[in-house]
Amino acid sequence: MKLTRTIDENVTYLKKKLASEDITFLDLTVGTKNAVLIFVNDLISKNEVGELVLRPTTLFSGEPSEDELFNAFLSPEKFKRYEHNEIITDVLLGNAVLLTDGFDFAISFGLKYFEKRAIAEPPTSTVLKGPREGFVESLPVNISLIRRKLKTPDLRFENLSVGKFSNTPVTLCYIDGIADKELVKILRKKLSAIDIDAVLDASYISKFLGEHKTSIFKQVGNTEKPDILAGKILEGRVAILVDGSPIALTVPYLLIEDFQSPSDYYNSSYSATVARAIRFISVIISLFLPAIFVAAELFHLQLIPLSFLLTIVNSIKGIPLSPSYEMFLTLLIFEILNEASVRMPRYVGMVVSIVGGLVLGETAVTAGIISAPTLMIVALSGICLYTVPELEQTFSVLRLLFLIIAGSGGGYGLLVSIAMFIIYLISFENYSTPLCAPFSPLIKEDLKDTIYKGFIEEHEFRPKSIKSKNKKRMNIKKDREIN
Amino acid sequence: MNYALKTRQVCLFIIAFLPLSKLFVLPSVLAKIANEDLWLCTVLSLLLDFITLSAVLYACKKADTDFFGLLRANFGKAGEIIVLVLFLIYFTFKAINPLTEQNEYVKLTLYTLMPTLLYFLPFFIVCFYLCTKKLRILGRAADIMWLATIIGVIILFAMSIANADFSAILPISARGTTAVLKGTYKSLNWFGDSAYLLFFIGNFKYKKRDYIKIICSFLIHAIIVTSFVIIFYSIFTSIAHRQRFALTEISKYTVVINNMGRFDYVGIMLILLSNMFSLSLPLYFSCKILNRIFNFKRAFIAPIIVVSIQVIIMVFLNENIIGFISFIQDYGGIYFLIVGNILPVFSALLKPKEKIYANQAN
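Keep in mind that this is a model prediction, so the values were computed, not measured.

Enquirer: Can you help me understand the overall build of chain A in this one?
Expert: Along chain A, the regular secondary structure elements total 15 helices and 12 strands. Taking 483 residues into account, the globule formula puts the C-alpha radius of gyration at 23 Å, and chain A, at 29 Å, lies well above it. A principal-axis box enclosing the C-alpha atoms of chain A has dimensions of 100 × 65 × 35 Å. Of all 483 residues assigned to chain A, the portion counted as buried reaches 48%. Nonlocal contacts in chain A, meaning residues at least 24 apart in sequence, comprise 63% of its contacts between residues at least 6 apart. A total of about 23800 Å² of accessible surface is found on chain A, and carbon and sulfur atoms cover 61% of it. Measuring between centres, the 52 positive side-chain charges of chain A sit 6 Å from its 54 negative side-chain charges.

Pasting the structure below:
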């Protein structure tokens, strides 16, 4: 609905729509005209409102023209608004909106101010070397953090609003000329099509962006660090920032991303390669070791070396549970402890560690309920999974699934489930990008940033797994040429 | 044109999947027939496959559409269906032997305490799932599974080669030509894999040096199979035919076993994993044929039919299947030779679609 030139009509309508008590309708005069400034009390900077809006209104003496009125305000962020709905959205976003009698437009001032968390190192991706700043819940701050990393006119931010009640600002971020235009178009369309009451975190958006709604695997990448995001954008990905969330989403997502740690890029290639290999082996151990152990114990004793077999036999003597139940129960206890340690207050965390880890584990073994090898395998499997924390949730579910299959179907059953798992993974695509690239389909050129972390000279081109028109990212000059 | 496969995937497909079904029972069967000349039977069969593969690659070079399109353009709809039915029968029977071997292997080697078909039946879920997928996924599977095959084979070779006495395969052709030819004839069921590549025609961009690349990968496959049978016979010599499952037996004398358990099972498990894809191939291509003939609207109908037939055969012939396989080996050899080797050779004579339509227009 358009604004009229009569201020009373507009204010009456807006008061009806914005009836909450935290919204102020401040009556003013601009020269000889009546005016009303509308804002949410706790979302604006009152000092700036005083300096940039209220003070200029006192300078008018007669009847201002449209241009005089608009140009009188010094606020760097000001827009003309002609619709009631635009005004409502702006006010709720934290803008101050000035309505003046006799004009069919309002002026919206971007004077948002609210308490923000300080920029700090995100707990999910700590590094020994490299930048420590992380995203916060404020979208403008996050945008500024990215802009500080990429000072190029090609860096694009496109603003959208998602959520019927939350009207959450969502920003698409990409580098024009590197990101695939088709992908940007699809994402824009998908984000605009989201019809939901509220977006309270970026994870809400990620659920809508996945093309396979029931998949157990992640379909959208995420990071809390601007340096990682900048790196991903430079590879041709598109980022999605959500106001109120310190997590930035990235599309398309490859499974290998979660094996890459930010520190890999700041350390030497050798140590990065070793670290990645360790992560990769750890995930395999974590996912399959409990299942293999149970399958071997129940069905394929010939797999176990004789001396180890004797140790196992001695340790399981008198254990009332079958190996599969025993392993399942221990894993379940581990998951319970894990869940509890995340949710409980920090000051009792130590108590849980002692009770859960030492008392419960030690006592269970001594009491003959759980065998020592089982406990050790569960502990090892649990720790190993945390080398790739991003995959922890998905893989802990899969670990239980493999365990159940191995317990009932033995080694061949486990192989069948692994084959299914492989077929599922290799056929999985999101935004025409295979999840398992560059392993399957094999993209030779991209292998140098997988388990093997190549030297800087080897990263001359952007990854082929991600569509991009601009393929080259650095010019390698030989020392001879420089000298 | 958007191709489903890359030449690299065709090469890796040959390395990853073609050698596997020949590593289970074939060495002991050949050892029984040809003794120390078993490797000559293998080489002869591989030579037949090599000739077939060369012809198929020539067809790939000329083709401007896929195999189905070429058949339709050259023989019309009826002719196409006749040829496809021949291949459908071929793949159905070709699948029985390796599936039975696998079932036996699973029962007798992995589940010695509870040998039952039930442990093998879940394999058909994998088979069904793979059959619903497009050719592109098979290429991607090759991209990843070749590593499992190669590591598995290397582990087995490394753990067995020290026990081999290679003089056991000498003198060459000691048993005479008849034994070698008989062995070759009986082993046709395990070979004839070049027919799979017919279905890759028009599905990858054939470039100038692709012939060499694909033939090289075929040679790697041939080397794996031949080396395996040679090492196998060199270890067991005159009792080789009693070692039914060469894959498990080949490394059993290694000293590492005492210290590390059956470490060779790591290799065996990797091969078994890769073999799940390999075993699914005849059924996979049967599904493609059925889909072409009946043009099913849903991707799962052909796999359900094809997999159900194999499950029924496995379940109903459970204990009597060995007799059925002997029957196939004795009387089906000619059919396997014709459809698995000779018929694909004629693919080289198929004219490209464009050429036929141009001639018709003139």
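Additional details are given in the paragraphs that follow.
Enquirer: How do you make sense of the packing of helix 3 (residues 38-62) of chain B against helix 14 (residues 333-345) of chain B when you look at a structure like this?
Expert: Each packed pair of helices is defined by two parameters, the angle between the axes and the distance between the axes. Residues and elements named next belong to chain B. With their axes 7 Å apart at the nearest point, helix 3 and helix 14 run at an angle of 40° to one another. Considering the angle they form, helix 3 stands oblique to helix 14. Between helix 3 and helix 14 the crossing geometry is left-handed. Along the contact surface, helix 3 presents Leu48, Asp49, Thr52, Ala55 and Val56, while helix 14 presents Leu337, Gly340, Asn341, Pro344 and Val345.

Enquirer: Can you walk me through the sheet that holds strand 9 (residues 238-242) of chain A in this structure?
Expert: The strands making up a sheet are joined through hydrogen bonds of the backbone, oriented either antiparallel or parallel. All names here are of chain A. Taken together, the 5 strands give an open sheet; going across it, the order is 6-7-9-10-8, and neighbouring strands pair in antiparallel fashion. Edge strands, defined here as strands with exactly one partner in the open sheet, are strand 6 (155-162) and strand 8 (221-223). Within the sheet, the average angular offset between the axes of one strand and its neighbour, ignoring direction, is 25°. Summarising the sheet, strand 9 and strand 10 (residues 248-251) pair through 3 bridges and their orientation is antiparallel. By the bridge assignment for strand 10, Val238 is matched with Val251. Most of the contacts of helix 8 (residues 226-234) go to strand 7 (residues 168-175), to which it runs at about 55°, and overall it touches strand 7, strand 8, strand 9 and strand 10.

Enquirer: What's the story with the packing of aromatic side chains in this structure? I'm lost.
Expert: A complete count under the given rule lists 44 aromatic pairs over all chains for this structure. Taken together, a centroid distance of 5.7 Å and an interplanar angle of 15° make the contact between Phe91 of chain B and Tyr196 of chain B stacked. Linking Phe91 of chain B in helix 4 (residues 67-110) with Tyr196 of chain B in the loop between helix 7 (176-186) and helix 8 (210-236), this pair joins segments that are 105 residues apart in sequence. Judged by its relative accessible area of 0%, Phe91 of chain B falls in the buried class. According to the relative accessible area criterion, Tyr196 of chain B is buried, its value standing at 4%. Centre to centre, the rings of Tyr284 of chain B and Phe285 of chain B are 5.4 Å apart; their planes meet at 90°, and the pair counts as edge-to-face. A single burial state applies to Tyr284 of chain B and to Phe285 of chain B, both of which are buried. When the ring centre of Phe70 of chain A is taken as origin, the NZ or CZ atom of Lys78 of chain A, which lies over that ring, is 4.9 Å away. The ring of Phe70 of chain A is capped by Lys80 of chain A, whose NZ or CZ atom sits 5.2 Å from the centre of that ring.

Enquirer: What am I meant to see in a nonpolar patch on the surface here?
Expert: A cluster of nonpolar side chains, Met350, Val351, Ile354, Val355, Leu358 and Val359 of chain A, forms an exposed patch at the surface whose accessible area comes to about 560 Å². As for its position among the elements, Met350 of chain A is in helix 12 (residues 349-366).

Enquirer: What am I meant to see in empty space enclosed by the protein here?
Expert: Over the atoms a probe the size of a water molecule is rolled, and this reveals where empty space is left. Residues and elements named next belong to chain B. Applying the stated criterion across every chain yields a total of 1 cavity of 30 Å³ or more. When its volume is computed, the largest cavity comes out at roughly 100 Å³. Lining the largest cavity are Phe17, Leu18, Ser21, Lys94, Pro98, Asn189, Trp190, Asp193, Tyr196, Ser278, Leu279 and Pro282. For the lining of the largest cavity, the elements supplying multiple residues, two or more each, are helix 4 and helix 11 (264-294).

Enquirer: Help me understand helix 5 (residues 139-149) of chain A in this model?
Expert: One turn of an α-helix holds 3.6 residues; hence residues three or four places apart share an orientation. Residues and elements named next belong to chain A. For helix 5, the complete set of buried residues consists of Leu139, Val141, Asn142, Leu145 and Ile146. Buried residues along helix 5 cover an arc of 165° about the axis, so they all sit on one side. Contacts made by the buried residues of helix 5 are with strand 6, strand 7, helix 8 and strand 9.

Enquirer: Would you explain the pattern of salt bridges in this entry?
Expert: Between side chains of opposite charge, a pair can form as their charged atoms come close. Summed over all chains, the structure comprises 36 salt bridges over all chains. Residues Glu429 of chain A and Arg140 of chain B are paired through a salt bridge, measuring 2.4 Å at the closest nitrogen-oxygen approach. Taken as a pair, Glu429 of chain A in strand 11 (residues 429-430) and Arg140 of chain B in helix 6 (residues 135-160) lie in two separate chains rather than in one. Look at Glu429 of chain A and you get buried, because its relative accessible area is 18%. Close ionic contact of Asp210 of chain B with Lys213 of chain B constitutes a salt bridge, the shortest N to O distance being 3.9 Å. Taken as a pair, Asp210 of chain B and Lys213 of chain B lie in helix 8 at a separation of 3 residues, close to a single helical turn. Since its relative accessible area comes to 0%, Asp210 of chain B is described here as buried. Under the relative-accessibility criterion, Lys213 of chain B is labelled partly exposed at 45%.

Enquirer: Is there a simple way to think about the interface of chain B and chain A in this case?
Expert: A common way to express how large an interface is: the accessible area buried when the components associate. Facing 35 residues of chain B, the contacting portion of chain A comprises 28 residues. Of the roughly 2800 Å² buried between chain B and chain A, counting both surfaces, carbon and sulfur atoms make up 71%. Run the count over chain B and chain A and you get 2 salt bridges. There are 10 residue pairs in polar contact (both at pLDDT 80 or more) connecting chain B and chain A. Elements with a minimum of two residues in the side of chain B that touches chain A: helix 1 (7-17), helix 4, helix 5 (123-131), helix 6, helix 10 (256-260) and helix 11 of chain B. By residue number, the principal contributor to the side of chain B that touches chain A is helix 6 of chain B, which donates 7 residues. A class-by-class count of the residues in the side of chain B that touches chain A yields 24 nonpolar, 5 polar and 6 charged.

Enquirer: Help me out: how do you make sense of the sheet that holds strand 5 (residues 106-109) of chain A in this one?
Expert: Residues and elements named next belong to chain A. Here we have 5 strands laid out as an open sheet, ordered 1-2-4-5-3, and antiparallel in their pairing. The outermost strands of the open sheet, each flanked by one partner alone, are strand 1 (23-30) and strand 3 (78-81). Each neighbouring strand pair of the sheet contributes to a mean axis angle of 25°, computed without reference to strand direction. With 4 bridges joining them, strand 2 (residues 33-40) and strand 4 (residues 96-100) adopt antiparallel strand pairing.

Each value, and the rule that gives it
Residues numbered from 1 in each chain as written. Chains lettered and ligands numbered in written order. Predicted model: local features only at pLDDT ≥ 70, side-chain atom pairs only at ≥ 80, totals over all residues. Heavy atoms only, no water. Helix = DSSP H or I, 4+ residues; strand = E, 2+ residues; numbered from the N terminus. Rg over C-alpha atoms; globule rule 2.2 N^0.38 Å. Buried < 20%, exposed > 50% of the residue type's maximum accessible area, 1.4 Å probe, protein only. Contact = heavy atoms within 4.5 Å. Areas by Shrake-Rupley, 256 points an atom, 1.4 Å probe, with all protein chains shown as cover. Lys, Arg positive; Asp, Glu negative; His and termini not counted. Charge placed at Lys NZ, Arg CZ, Asp CG, Glu CD. Axes fitted to C-alpha atoms, helices over the stretch in contact; angles between N-to-C directions. Parallel < 35°, antiparallel > 145°, perpendicular 65-115°, else oblique. Left-handed = near helix turned anticlockwise from the far one by under 90°. Pairing = 2+ DSSP bridges. Phe/Tyr/Trp six-rings, centres within 6.5 Å; stacked < 30°, edge-to-face > 60°. Lys NZ or Arg CZ within 6 Å of the ring centre and 35° of its normal. Patch = residues over 30% accessible without salt bridge, like charges linked within 9 Å, V, L, I, M, F, W, Y side chains within 5 Å. Salt bridge = Lys/Arg side-chain N within 4 Å of Asp/Glu carboxyl O. 1 Å grid on protein atoms, 1.4 Å probe; cavity = no way out; pocket = protein on both sides within 12 Å on 5 of 7 lines; lining within 4 Å. Points joined across faces, edges and corners; volume = space filled by probe spheres on them. Arc of directions from axis to C-beta. Buried area = accessible area lost by both parts, 1.4 Å probe. Polar contact = N/O pair within 3.5 Å; in protein donor to acceptor, adjacent residues only side chain to side chain. Nonpolar A, V, L, I, M, F, W, Y, C, P; charged D, E, K, R; others polar.

All we've got here are geometric facts, nothing functional implied.
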